[in-house]
Amino acid sequence: MGFYRVYVEKKEGFDQEAASLKQDFRETLRIEGLEKVRLINIYDADQLNEADFREAVDSVFSEKNVDRVSYDFDIPADGIAVEALPGQFDQRADSAAQCLKLLHPHWEGRVKSGKLLLLEGSLSRNERKQIEDYFINPLEMRLKDLSLHKIEDIPADIVPVNRVEGFASWDRETLESYRKDLAMAMTLGDLEFVQNYFRETEERDPSETELKVLDTYWSDHCRHTTFETELTNIELPPGRYEALFQKAYDDYLTARENVHGGKKPMTLMDLATLAGKELRRAGKLDDMEVSEEINACSVFIDVDVTEGDRTDEQKWLLMFKNETHNHPTEIEPFGGASTCIGGAIRDPLSGRSYVYQAMRVTGSGDPRVPVEQTMAGKLPQKVITRGAAHGYSSYGNQIGLATSFVKEIYHPGYRAKRMEVGAVVGAVPADWVRRESPVPGDVIILLGGKTGRDGCGGATGSSKAHTAESLVSCGAEVQKGNAPEERKIQRLFRNREVTHLIKKCNDFGAGGVSVAIGELSDGLKIDLDRVPVKYLGLNGTELAISESQERMAVVVELKDRERFLKLADGENLEAVEVAQVTGDNRLRMTWRGEEIVNIDRSFLDTNGVRSEARVKVAPAEEMKDPFGKMPEGKDGKEKFLNHLASLEVASQKGLVEMFDSTIGAGTVQMPYGGKHQMSESECSVHKLPLMKGETDTASFLSCGFNPLLSGWSPFHGAVWAVVESLARLVAAGGKWRQTRFSFQEYFRRLGTEEENWGLPFAALLGALKIQRDLELPAIGGKDSMSGSFGELNVPPTLISFAVTTGKASQTVSTDFKAAGNRLFLLRNLPDGDHMPPMKEMGELFDTLARWIGEGRILSAQSLKAGGAAEALFKGAVGNGIGASVDMNQDELYRLSYGSFLVE
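Cut-offs applied
Residues numbered from 1 in each chain as written. Predicted model: local features only at pLDDT ≥ 70, side-chain atom pairs only at ≥ 80, totals over all residues. Heavy atoms only, no water. Helix = DSSP H or I, 4+ residues; strand = E, 2+ residues; numbered from the N terminus. Polar contact = N/O pair within 3.5 Å; in protein donor to acceptor, adjacent residues only side chain to side chain. Phe/Tyr/Trp six-rings, centres within 6.5 Å; stacked < 30°, edge-to-face > 60°. Buried < 20%, exposed > 50% of the residue type's maximum accessible area, 1.4 Å probe, protein only. Lys NZ or Arg CZ within 6 Å of the ring centre and 35° of its normal. Pairing = 2+ DSSP bridges. Axes fitted to C-alpha atoms, helices over the stretch in contact; angles between N-to-C directions. Contact = heavy atoms within 4.5 Å. Salt bridge = Lys/Arg side-chain N within 4 Å of Asp/Glu carboxyl O.

Colleague: Account for the side chain of Q549, naming residues and giving values.
Modeller: Locating Q549 in the fold gives a position in the loop between helix 19 (540–545) and strand 16 (551–556). In this structure the side chain of Q549 is engaged in a polar contact, spanning 3.0 Å, whose partner is the side chain of E547.

Colleague: Residue-level account of the packing of aromatic side chains, with values.
Modeller: According to the stated counting rule, one finds 25 aromatic pairs in the structure shown. Aromatic pair Y249 and Y252: ring centres 6.2 Å apart, planes at 50°, arrangement tilted. Linking Y249 with Y252, this pair stays in helix 9 (residues 242–260), spanning three residues, or about one helical turn. Ring centres 5.6 Å apart and planes at 75° place the aromatic pair F845 and F900 in the edge-to-face group. Placement of F845 in helix 27 (residues 838–853) and of F900 in strand 32 (residues 900–902) is noted, with a sequence separation of 55 residues between them. In this pair, the class of F845 matches that of F900, namely buried. Feature note: the residues Y4, Y43, F53, F61 and Y71 constitute an aromatic cluster, connected by ring pairs. One Lys or Arg, R54, reaches over the ring of Y71 and ends 3.7 Å from the middle of that ring.

Colleague: Which residues make up the pairing of strand 16, and what values go with them?
Modeller: Of all six residues in strand 16, six are buried, a share of seventy percent or more. Burial along strand 16 is two-sided: R551, A553 and V555 and M552, V554 and V556, pointing in opposite directions, are all buried. Relative to strand 16, strand 13 (residues 443–448) runs antiparallel, the two being bridged by six bridges. Looking at strand 16, one finds that G448 is bridged to R551. Here strand 14 (residues 504–507) runs beside strand 16; their pairing, made up of four bridges, is antiparallel. Looking at the pairing, C505 lines up with V554 of strand 16.

Colleague: How would you explain the sheet that holds strand 24 (residues 697–704) if you had to name every residue and give the values?
Modeller: Read from one edge of the open sheet, five strands run 23-24-29-25-26, paired in mixed fashion. Strands with a single pairing partner mark the edges of an open sheet, and in this sheet they are strand 23 (684–687) and strand 26 (778–784). Taking the axes of each pair of neighbouring strands and ignoring which way they run, one obtains an average angle of 15° across the sheet. As defined by bridge partners, strand 23 adjoins strand 24 across four bridges and the pair is classed as antiparallel. Across the sheet, residue K687 finds its bridge partner in strand 24, namely A698. Helix 25 (residues 714–732) contacts strand 24, strand 25 (740–746) and strand 29 (797–807) of the sheet and is inclined by roughly 150° relative to strand 24.

Colleague: An account of the pattern of salt bridges is needed here, citing residue identities and associated values.
Modeller: Per the stated rule, a full pass over the model turns up 82 salt bridges. Put simply, E577 and R561 hold a salt bridge, and the shortest N to O gap is 2.6 Å. Of this pair, E577 sits in strand 17 (residues 575–581) while R561 is found in helix 20 (residues 561–570), placing the two residues 16 residues apart along the sequence. Using a relative accessible area of 13% as the deciding quantity, one classes E577 as buried. Residues R894 and D625 are paired through a salt bridge, measuring 2.9 Å at the closest nitrogen-oxygen approach. Note that R894 is positioned in the loop between helix 29 (889–893) and strand 32 and D625 in the loop between strand 20 (612–616) and helix 22 (636–645), a separation of 269 residues in sequence. The structure contains a network of salt bridges with shared partners spanning R5, D44, E83, R142, K144 and E152.

Colleague: Just give me the short version of the sheet that holds strand 30 (residues 824–826), but keep the residues and values in it.
Modeller: Across the sheet, which stays open at both edges, the three strands sit in the order 30-32-31 with antiparallel pairing between neighbours. Looking at the sheet topology across the chains shown, the edges are occupied by strand 30 and strand 31 (860–862). Sheet twist, expressed as the mean angle between neighbouring strand axes with direction ignored, is 20°. Across three bridges, strand 31 lies against strand 32 in antiparallel orientation. For Q861, the partnering residue across the bridge sits in strand 32 and is L901. The strands touched by helix 27 are strand 30 and strand 32; relative to strand 32, the strand with the most contacts, the crossing angle is about 25°.

Here it is as structure tokens:
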């Protein structure tokens, strides 16, 4: 048994990746002397004999018809060999190892992969170094030492978990120094609160693990501490919109009285959730599922199911969730974006639904900016946007999730930190789902992926502002997703017997074991020694807080444990009992026989010290007409072409085609319609994922947001984001009056500046107003308040995701159908405060919905950032059908959300 290495290179004509790298290097780095790029995959394997290795080369590591294989390779001195960082998930190596295990079940060795880059042409030493620096992201890979003929072991020396001696008596200066040394997300006030708890209640010093667990639990990512900050001294803007803001604020105070008597603190979370609570009290939200499990939005829907000659109505649960991974994607685009979609899937999946529909909305700086203009401490925007697209699409395509709507929004503010957002929809028959509270004696099973150091600090890291040092210091917070492992969980939960065994379930988010298992019950005893690991050497703290993707924690009755473990094994999923439910209202964790965490649940649930912040809403910028705009150009034609070429209007088909929109055969509308597939669709529309039979019930998922409008006024921006998301549903044929929203908030780091706090306050106040006016609530959301880099901040961002159902047979596409048909512009004109006229807009939406149901509308588009000009062009190109239009130029280009172009 020994160590072996093989070099595998694609033959001419099959070397698309190498050709793509050559084009990228020449265009991005402007290296004209580069004539050819060769890309060779390197595989190292150990504990094999030569015959078995040679067999694996032909059956695992290469394909004879497209690959060239070499065992001894004459490597030039300027060759660039790279490999994944130790501890990072290497999917190529993992897949190869699994195949080897199938060939040789008793093999216990390892596989390591790498890449060798060979550059041909007239290149200077500086140009070669440019390529090396551009190709290697130090957070995901490093140079590979080809002289090393062995697979390196990850250090297995375990750092003990110690008590933080003297913590209970430290002064403020010592506490602050400790907080900074550990890069904790909690504030000094939080740490003093912790100190008092251990001194007064526990009468002891804490362990380092306990402090890390509390820091993770109370992080913005896990507990939305920014959104729970108490808001005081609300100062509304004077000027033109003073009455509008004052009325919206007074209505908010009235709603607070209606829902909780005004007794709860005024917070951003209160603003964000109040509409749903008020409507539920009024009996207008009885379709929402209410349970202890709140990982995803969940509503009851009726689904028609036809089998043979019989059609029945079945009660289903429709679940949806939006997820953001801005911080990880900014510093490691591929891994960050792949775990964004992976994290979005996990939430409804943990609710036992089958996730079948996805949307991706991202925010970027201009990717066309030359790489030499990249800011210090940043990756180039082109590298981020391309790498993120590859990461998200790779994960979604592998797990088998149809992503049928993809949109990238460009704004210079997103150079501060990229916006990476995924939204997914899942569904399951309601009678498949069991929702019960755990009781003492129940067991908790950890299901799926193993634990590594990847993801340690993910929760607290996502709460921090990006700095020039983040590229170096945050590597352990970014993971590589393992889509095939999560696909196994999807398959397992598609089994009704399995879902009936699960009393409660939680996915592994950024808090790892401490949060995923810790949230399942008030009393728990967790044995960290039973947590499966990727490699040796992890200590108790790392086992407790590592995110490590593709895992679930499920609660089952003791009598059902063995049956559940057997069903999991049938899907080749590792499942281990790691915890028991107790009745003592404490979170306990043991490691190596020692209790390293023992915290009272009531203290854990305080979420630390509630902070306070003053709020000052800045007045909207004085503009003659914030909705009016005109492209540059010497005549009408040039203006029109410049408008179409702008980043906000231009086609993104090359980006969209990276994502498989057809997986599962339930896609109703492709991303682009017409025989030329050029007319952009309004939203994502998919049939419900039946196990058998046919259905005409479809789920509709849309979005709305304009960064320029939100930058002018976050209040108005939020209102019109909701209108845009609704109008998209109407145009596609969805039942708009049954819509439920989920919002994505993304703002600069707020700090203590009252004007900063005024940005999300204004946005959520606007969102609350439009929800109450429409009587349609947001029942979920996600917030991220870390969009800052130096003096640069992301634009005020509130994306509205809207979900409803409708009939697949009555959906309408955007492409013009035939010459001679008539086009109509159905206008939704803002009032004097630049707000939507609610009564007229509702009547317009109802009228168009009725016409679509009657089959009178052949194509429909809602007007978006590009106005009527965008709609006319994109409707025409799908089938190559033009249009003769009589409009003045002001109307052609102006923003007109909630308006429609119909055929």
